[in-house]
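# A closer look at the structure
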Amino acid sequence: MPAGGDDTTGDRIARYRKLRGLTQRGLALRANVAYGTLTKVESGHAVAQPAVVAAVARTLGIDVDRLTEAVEPGAPGGPSLDERVEPLRDALDAYDLPADDIEPRSVEAVAADVDAVCRRVMRDGVLAPVVGMLSGLLDELVALVHGHAAKDPRAWMALAHAYRCVQQLASRLGLRDLGAVALDRMSWAAGGADDPIVEALRLHERAHEHLRSGQHHHAHRLQKRADSLAESAPVGAERAALTGHGHLAASVHAAQDGEVDAVEDHLALAGELATKVGEVPDALWLGFGPTNVALHEVAALVARERHQEAVDTADRLRLPSRFDATRVGHHHMDLGRAHAALGHHERALRALIEARRIAPQVTRFHPTTRRTVEQLLMAKRRVPESLAGYARWVGV
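Below or above, wherever it landed, is the structure these notes cover.

## With respect to unusual backbone geometry
A positive phi angle, close to 55°, is found at Asp194, a residue other than glycine. Looking at the element boundaries, Asp194 is found in the loop between helix 11 (176-193) and helix 12 (196-212). Of note in this structure, Leu284 is not a glycine but carries a positive phi near 60°. Summarising the element assignment, Leu284 is placed in the loop between helix 15 (260-277) and helix 16 (290-303).

## Structural notes on the packing of helix 21 (residues 367-379) against helix 22 (residues 385-394)
It is the contact of helix 21 with helix 22, at a shortest axis distance of 10 Å, that shows an interaxial angle of 145°. Our pair here, helix 21 against helix 22, has a crossing hand that is left-handed. Contacts from Thr369, Arg370, Val373, Leu376 and Leu377 in helix 21 reach Leu387, Tyr390, Ala391 and Val394 in helix 22. Residue composition of the contact of helix 21 with helix 22, by class: seven nonpolar, one polar and one charged.

## Focus: the side chain of Arg327
Positionally, Arg327 belongs in helix 18 (residues 325-341). Aside from chain neighbours lying at most four places away, what touches Arg327 is Asn292, Leu295, His296, Ala299 and Asp334.

## Observations concerning the pattern of salt bridges
One pass over the full model with this rule turns up 20 salt bridges. In this structure, the salt-bridge partner of Asp115 is Arg119, at a minimum N-O distance of 3.0 Å. Here Asp115 and its partner Arg119 are both found in helix 8 (residues 107-122), four residues apart, which amounts to about one turn of the helix. Asp115 sits in the partly exposed class, given a relative accessible area of 28%. Across the pair Asp184 and Arg185 runs a salt bridge, and its minimum N-O distance is 3.1 Å. Owing to a relative accessible area of 47%, Asp184 belongs among the partly exposed residues under this scheme. The exposure class of Arg185 is buried, given its relative accessible area of 13%.

## A look at helix 3 (residues 35-43)
Thr37, Leu38, Val41 and Glu42 are the residues of helix 3 that are buried. Take helix 3 and look down its axis: the buried residues cluster within an arc of 125°, on one side only. The inward-facing, buried residues of helix 3 contact helix 1 (9-19), helix 2 (24-31) and helix 4 (50-60). Note on helix 3: the residue one or two positions beyond its end, Gly44, has a positive phi of about 85°.

Reading guide: rules and limits
Residues numbered from 1 in each chain as written. Predicted model: local features only at pLDDT ≥ 70, side-chain atom pairs only at ≥ 80, totals over all residues. Heavy atoms only, no water. Helix = DSSP H or I, 4+ residues; strand = E, 2+ residues; numbered from the N terminus. Axes fitted to C-alpha atoms, helices over the stretch in contact; angles between N-to-C directions. Left-handed = near helix turned anticlockwise from the far one by under 90°. Contact = heavy atoms within 4.5 Å. Nonpolar A, V, L, I, M, F, W, Y, C, P; charged D, E, K, R; others polar. Salt bridge = Lys/Arg side-chain N within 4 Å of Asp/Glu carboxyl O. Buried < 20%, exposed > 50% of the residue type's maximum accessible area, 1.4 Å probe, protein only. Arc of directions from axis to C-beta.

In structure tokens:
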């Protein structure tokens, strides 16, 4: 669909509506959007709020990006990263201000969409394209928990998971302030969910953030609280995935601190759990199982600067044809770092290119990618175009 430079979201809604043969009143009725709101948005007399755009996109059977004309953050001529995530900041701020211009769908329908978005962010590594849909879901869920679903723990649980999805997206984009607010909102929603796993998951993610920033003492205390809460939950895949993933994260950071015994202990405990439960990729979208344990064994070796051993171990791995793209992307970033340290510059670049192919947005914003590219640039007297182009893509 061609679009001029002054094309607005309202213009695009009107165009797709007409293509579907719908009147304004017909679209408003099907999307559960106030008729007056839709007419004002199409005419440019009102800003299209995320919940409205998401509802209209669902009804028209198109992605939100087709209406917002979103492009990848940092692309030439496109919005900045901060501008792209502004709808999420607004949705987090409006946690106690339910929208009055949209009728939310059923809890089951919204929860199913939350599950789909969480999978795209946390397993597939899709970031920027889901901002519009995610902010719209938050608006719907806030309306639900402040309305007829106020006492429905399923609505609160879906809201808690949606807030966690924001935190994960923010973390991958390097927006720690946004992630911190999302975790705070997740705590609020967890109270209504009445499920120890939800609060344990929040503590786990908070512990992970502390690990990333080097605050290991706080991280260990938080993870201990998370494990304690998880123990009160029924035995099952979610509990095992949460506990096991905590051990995997701790193993890498113990490796960074040179705590060899702790690395082996955490990997062994995670391995025992993985052997018991097998591959449970969809449990809390953590991608836990024997494959993830094997990938973290490589990551721990790289963190301990045992680069040749990491490469040799990775060469023996046989990954499933379909596995968590985010984790596999991280694996290739780790291999890029190891090859660069060993002086295998071409293999390092090939690993980074593979990471970009598998999880492009996660790879682009990850600090490991930037550090490895900088290392490769410093090692070259004449920079080949393949590396120069990759460096431009990363923003080095």
